[in-house]
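Breakdown of the fold
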Amino acid sequence: MSVLNGKKILLGVSGGIAAYKTASLVRLFIKAGAHVQVIMTPASKDFVTPLTLSTLSKNPVHSSFFNQDDEDAVWNNHVELGLWADLMLIAPATANTLSKMATGNCDNLLIATYLSAKCPVYFAPAMDLDMYKHPSTISSFNALKQFGNIIIPAEKGELASGLSGEGRMAEPENIVAFLEADLESKLPLKGKKILITAGPTYEAIDPVRFIGNHSSGKMGFDIANQAANLGAEVILVSGPTHFRVKNSSIEVISVMSAQEMYEACHKYYENVDVAIAAAAVADYRPKEVALQKIKKNAEEFSIELEKTKDILFSLGAAKKDQFLIGFALETENEIENAKLKIQKKNLDLIVLNSLQDAGAGFKKETNKVTFIDKNFNIEPMELKSKEFVAVDILNKVVSHFLKS
Ligand code: CTP
């Protein structure tokens, strides 16, 4: 999945021949799953039509401060547009537009929006080779770089003037690749490895029966997806579930029993930076597993159970500098029991679910959790969807690395 998926991109088009390539650029952004709004300078409309870009972006194109054709002229709010965007890209960025950006010469909607944008701004210059090398252009580049804007360098090749050299706007595919690489390199968990457990475990009784539980696996899968969205390398060890990961970079290890989950976790644990145990692991398993299907002959029948290994406990015992997060599902003395669990399992953070909260727990879309850290700081959270609980959990991971 592209890092641009779900991103709100504001594309500013200025008036150069390369503007015709923005049709492909918008198409590529939409294909990557981004939301796109386009602002055009008046001059750019000679090179590509607003209708083309509004059709491709699935949004109206903005080009003046108000819509002159409207009887009750509607104001195009540049501040709102600037705040809407996750990133702004000026492509093509002509020498004229670059100079206006550098000096704040705000005589069109594109520049007004640029000055209002709080998001990262990228620009892809396009001009003739001598213009590209002119000290005035270079001083615009330097000013913009100083503002924190990011240049997507022009490419070499045949230019509209008939000359050949540096100045062609980067090809749309290369602009997309540049943005993806830049955004990925800045993801807060880039370079971190995270091990996550999810789902129930099934403990075999015989070849057709097992002891299991109602865990759907959703919480663990949401955590895995969010960790991958933040750039982490994710290993998800999951018991049986119908969930599928949304990000193909996640390595999924499918297991059945607590023992298989234990072995898979320890195979990876030594080399991870974070481990999050969201699985509902069976605490007991049949002592003997019948090799053949058990016949219903006897009137009464009992199965002798033995304890499974506590995976989280074993991870806590083997901990070097991994940041270790566990879950607790308590029905009474929640906070005190959770604190004991932090100490017993050597955790850095526990995510406490209380079954007393409506909307929390197994087979629910929502969860209400309380975070307790190893210093016993307690932070109750609102009831929210499991996806947003996952966001909160990963925010804890991000702030751990910011502090350390
Ligand atoms: N856990 C685990 N392996 C087990 C049992 C639990 O890794 N065999 C993990 C769960 O993934 C969860 C945490 O331990 O992160 C807490 O599990 P919970 O069932 O609440 O607590 P228990 O330790 O089983 O303790 P108790 O039954 O005494 O409440």
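Procedures and definitions
Residues numbered from 1 in each chain as written. Predicted model: local features only at pLDDT ≥ 70, side-chain atom pairs only at ≥ 80, totals over all residues. Heavy atoms only, no water. Phe/Tyr/Trp six-rings, centres within 6.5 Å; stacked < 30°, edge-to-face > 60°. Buried < 20%, exposed > 50% of the residue type's maximum accessible area, 1.4 Å probe, protein only. Lys NZ or Arg CZ within 6 Å of the ring centre and 35° of its normal. Pairing = 2+ DSSP bridges. Helix = DSSP H or I, 4+ residues; strand = E, 2+ residues; numbered from the N terminus. Contact = heavy atoms within 4.5 Å. Axes fitted to C-alpha atoms, helices over the stretch in contact; angles between N-to-C directions. Core = buried A, V, L, I, M, F, W, Y, C linked by side-chain atoms within 4.5 Å.

A separate point is the packing of aromatic side chains. If you walk through the whole model with that rule in mind, you get four aromatic pairs. Note on Tyr-132 and Phe-141: the rings are 5.5 Å apart at their centroids and 65° apart in plane angle, and the pair reads as edge-to-face. When its relative accessible area of 8% is taken as the criterion, Tyr-132 is described as buried. Members of the aromatic cluster, joined through ring pairs, are Phe-123, Tyr-132 and Phe-141. Between the NZ or CZ atom of Lys-192 and the centre of the ring of Phe-401, over which it lies, the distance is 4.5 Å. Over the ring of Tyr-262 we find Lys-309; its NZ or CZ atom is 4.4 Å from the centre of that ring.

Bringing the sheet that holds strand E5 (residues 150–151) into the picture now. Across a sheet, paired strands are connected by hydrogen bonds in the backbone, their directions being either parallel or antiparallel. Taken together, five strands build an open sheet; the order of strands is E2-E1-E3-E4-E5 and the sheet is parallel. Among the strands making up the open sheet, the edge pair consists of strand E2 (35–40) and E5. Sheet topology places strand E1 (residues 8–13) next to E2; six bridges connect them, and they run parallel. Within the sheet, the bridge partner assigned to Leu-11 lies in E2 and is Val-38. Across the sheet, helix H5 (residues 109–116) touches E1, E2, strand E3 (87–93) and strand E4 (121–125), and the angle it forms with E3 is around 145°.

Across soluble globular proteins, nonpolar side chains show a tendency to be buried alongside one another. The biggest cluster of nonpolar side chains holds 35 residues, and the ones touching the most others in it are Phe-29, Val-38, Leu-53, Leu-89 and Ile-175. Those elements that place two or more of their residues in this core are E1, helix H1 (22–31), E2, E3, E4 and helix H8 (172–185). With five residues, H1 is the largest single contributor of residues to this core. Sequence-distant contacts of Leu-53, that is, excluding residues within four places in its chain, are made with Val-13, Thr-22, Ala-23, Val-26, Val-38, Met-40, Val-48 and Val-61. Among the nonpolar cores identified, the runner-up in size contains 33 residues, and Ala-227, Phe-371, Ala-390 and Leu-394 belong to it.

We now examine the pairing of strand E16 (residues 323–330). In terms of residue burial, E16 counts as a mostly covered element, since seven of its eight residues are buried. By the bridge criterion, six bridges tie E16 to strand E17 (residues 349–354) in an arrangement that is parallel. When the bridges of E17 are listed, Glu-330 appears paired with Ser-354.

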